[in-house]
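So you can see what is in the structure, the chains are spelled out below.
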Amino acid sequence: LYVAMTRAKEKLICVSTVSTLEKAVQKALEILRPDGTLSPQRLVRAGSYQEWLLACLLRHPSCGKLRKMAGAEDVSTLPTEYAVQLNVIKAQNIEVKNKKIQEEVQVKRSLPLLKEIQKRIDFTYPLESSIYIPSKRAVSELAEQEVHQTQSVKKPDFAQGKVFSPAQKGTILHKFMQIANFNNLCSTTDIENEIERLVQQKYLLEEEKNTIDMEKIFQFSRTSIFSRISKAEQVWRELRFNLLITQKELEILFPNDEKGLATSLIDGSEKIVLQGMADLVFKENEHYYILDYKTDHANAETLRQRYTDQLKLYARAVTQIFHRPVDACYLYGFAYGNLIEIS
């Protein structure tokens, strides 16, 4: 509706049919409040765009005929520079006019014109298969597809009761790592106080705080990478990016991508926007490094296999953002306290 109402340059023609115009106008009148404004509750309960348009037309200076039909001639109008011409055509009149047109107009058949019409009807978009390829993808979504090829399906929500699933716990831990003050992670007591601070400030829910494993966070705070981050020249958390990449490249990196099946029908040169977010990027001695947190219950080698391609894309994006190459990418697996370097 928005597109239709905003694209006309000189004249907009709206055609609508109703069984009884008076009833349609009275129904549209219900959308108007006594002060003439539109009721949101009534708007969402409207049966069609037609009711919305009629409600607006009831306040147009040129539509006194509609207000008279609705018995609402006292409804105030709004000033406007656009004129509205309202034509009400009854169904029986249309049938008579169509009959007269058929009798009076002799259509001359033109073979070249018929061929042109047929050509246009038979037209097939040469890159039709590309319409099935999403124009925008998320790195995390693609990585998840790869993981799900080897992991079992989790229980549905209704079967879990009020207990947080491993995936939900991982999300909560990720959230904590994104918003926590790293200066407050020096001991389990400090970590407990930091969790409580985030609950008080409503960054975390009360029921979420008990899912955070303080020992694992403390273990992370004792790593060399944490020490380097604490001393870094600059740190970016949740660094979001957009990366232009061909569908063929994506297919090579993520062979299990379900939405990339259409590439077999085209040359793979179609470009899409790849969206992603690096958990943490830090600058050390004019060099850039990426750290990504993982909560999978997997050993170091499994994490490396699962996420190396994802980190390579992150490095490519960060290189474009800062115009400097990324020296190394790291994965930190909270499950076993593994720090994995990916060159």
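Nothing here was measured: the structure is a model prediction, and the numbers come from that model. (Residues numbered from 1 in each chain as written. Predicted model: local features only at pLDDT ≥ 70, side-chain atom pairs only at ≥ 80, totals over all residues. Heavy atoms only, no water.)

Caption draft 1: Spotlight on a nonpolar patch on the surface. A contiguous nonpolar patch, built from L1, M5, L12, Y49 and W52 and spanning about 450 Å² of accessible area, is present on the exposed surface. The residue Y49 is located in helix α4 (residues 49-57) in this model. Judged by its relative accessible area of 47%, Y49 is partly exposed. (Patch = residues over 30% accessible without salt bridge, like charges linked within 9 Å, V, L, I, M, F, W, Y side chains within 5 Å. Areas by Shrake-Rupley, 256 points an atom, 1.4 Å probe, with all protein chains shown as cover. Salt bridge = Lys/Arg side-chain N within 4 Å of Asp/Glu carboxyl O. Helix = DSSP H or I, 4+ residues; strand = E, 2+ residues; numbered from the N terminus. Buried < 20%, exposed > 50% of the residue type's maximum accessible area, 1.4 Å probe, protein only.)

Caption draft 2: Broad picture of the packing of aromatic side chains. Overall, the coordinates contain 15 aromatic pairs when judged by the stated rule. Where F220 meets F226, the ring centres are 5.6 Å apart and the plane angle is 80°; that geometry is what we call edge-to-face. Both residues of the pair, F220 and F226, count as buried. Relative to Y330, the ring of Y289 has its centre 6.4 Å away and its plane inclined at 35°; by these criteria the two rings are tilted. In this pair, Y289 sits in strand β4 (residues 287-294) while Y330 sits in strand β5 (residues 326-333), placing the two residues 41 residues apart along the sequence. (Phe/Tyr/Trp six-rings, centres within 6.5 Å; stacked < 30°, edge-to-face > 60°.)

Caption draft 3: Spatial organisation of unusual backbone geometry. Unlike most non-glycine residues, E238 shows phi in positive territory, near 50°. Looking at where E238 falls in the secondary structure, it is placed in strand β2 (residues 234-246). Residues other than glycine seldom take positive phi values, yet H323 does so here, at roughly 55°. The topology assignment puts H323 in the loop between α16 (300-322) and β5.

Caption draft 4: Structural view of the pattern of salt bridges. This model, assessed by the stated rule, comprises 12 salt bridges. Between E194 and R197 there is a salt bridge, and its shortest N-O distance comes to 2.5 Å. Linking E194 with R197, this pair stays in helix α11 (residues 188-200), spanning 3 residues, or about one helical turn. Relative accessible area serves as the criterion here: at 2%, E194 is assigned to the buried category. Via salt bridges that share partners, E196, E206 and K209 belong to a single interconnected network.

Caption draft 5: Local environment of the packing of helix α2 (residues 21-29) against α4. Direction vectors running N to C along α2 and α4 enclose 75°, while the axes themselves pass 8 Å from each other. On the basis of the axis angle, α2 is roughly perpendicular to α4. Of α4, the residues touching α2 (which contributes A24, V25, K27 and A28) are Q50, E51, L54 and A55. Along the lines of polarity and charge, the residues of the contact of α2 with α4 split into 5 nonpolar, 1 polar and 2 charged. (Axes fitted to C-alpha atoms, helices over the stretch in contact; angles between N-to-C directions. Parallel < 35°, antiparallel > 145°, perpendicular 65-115°, else oblique. Contact = heavy atoms within 4.5 Å. Nonpolar A, V, L, I, M, F, W, Y, C, P; charged D, E, K, R; others polar.)

Caption draft 6: Representation of the side chain of S221 within the structure. Tracing the chain through its elements places S221 in helix α13 (residues 214-221). For S221, a relative accessible area of 8% puts it in the buried group. Of the polar contacts made by the side chain of S221, one reaches the backbone oxygen of L185; its length is 3.1 Å. When residues no more than four places from it in sequence are discounted, the contact partners of S221 are L185 and F226. (Polar contact = N/O pair within 3.5 Å; in protein donor to acceptor, adjacent residues only side chain to side chain.)

Caption draft 7: The arrangement of the environment of V25 in detail. With respect to the helices, strands and loops of the structure, V25 is situated in helix α2. In sequence terms V25 and Q50 are 25 residues apart; their C-alpha atoms lie 9.7 Å from each other.

Caption draft 8: Structural view of the confidence of the model for the protein. In the predicted model, the protein carries a mean pLDDT of 83, and 80% of its residues have values of at least 70. Overall, residues 146-160 carries pLDDT values under 50, and its contacts beyond four positions in sequence, including any with other chains, amount to 15 contacts. (pLDDT = per-residue confidence, 0-100.)

Caption draft 9: Layout of the nonpolar core. In terms of nonpolar packing, the biggest core is built from 28 residues, with F176, F182, F220 and L291 touching the most fellow members. Contributing elements (two or more residues each) for this core: α10 (166-179), α11, α13, α14 (224-231), β3 (271-284), β4 and β5. When sequence neighbours within four positions are dropped, the list of residues in contact with L291 reads F220, I225, I229, D279, L280, Y330, L331, Y332 and L339. The next biggest cluster of nonpolar side chains, apart from the first, holds 27 residues, and it includes V281, Y307, Y314 and C329. (Core = buried A, V, L, I, M, F, W, Y, C linked by side-chain atoms within 4.5 Å.)

Caption draft 10: Structural view of the environment of A138. You can see A138 is positioned in strand β1 (residues 136-138). Measuring from C-alpha to C-alpha, the distance between A138 and L274 comes to 5.6 Å, with 136 residues separating the pair along the chain. The residues contacting A138, other than those within four sequence positions of it, are L274 and Q275.

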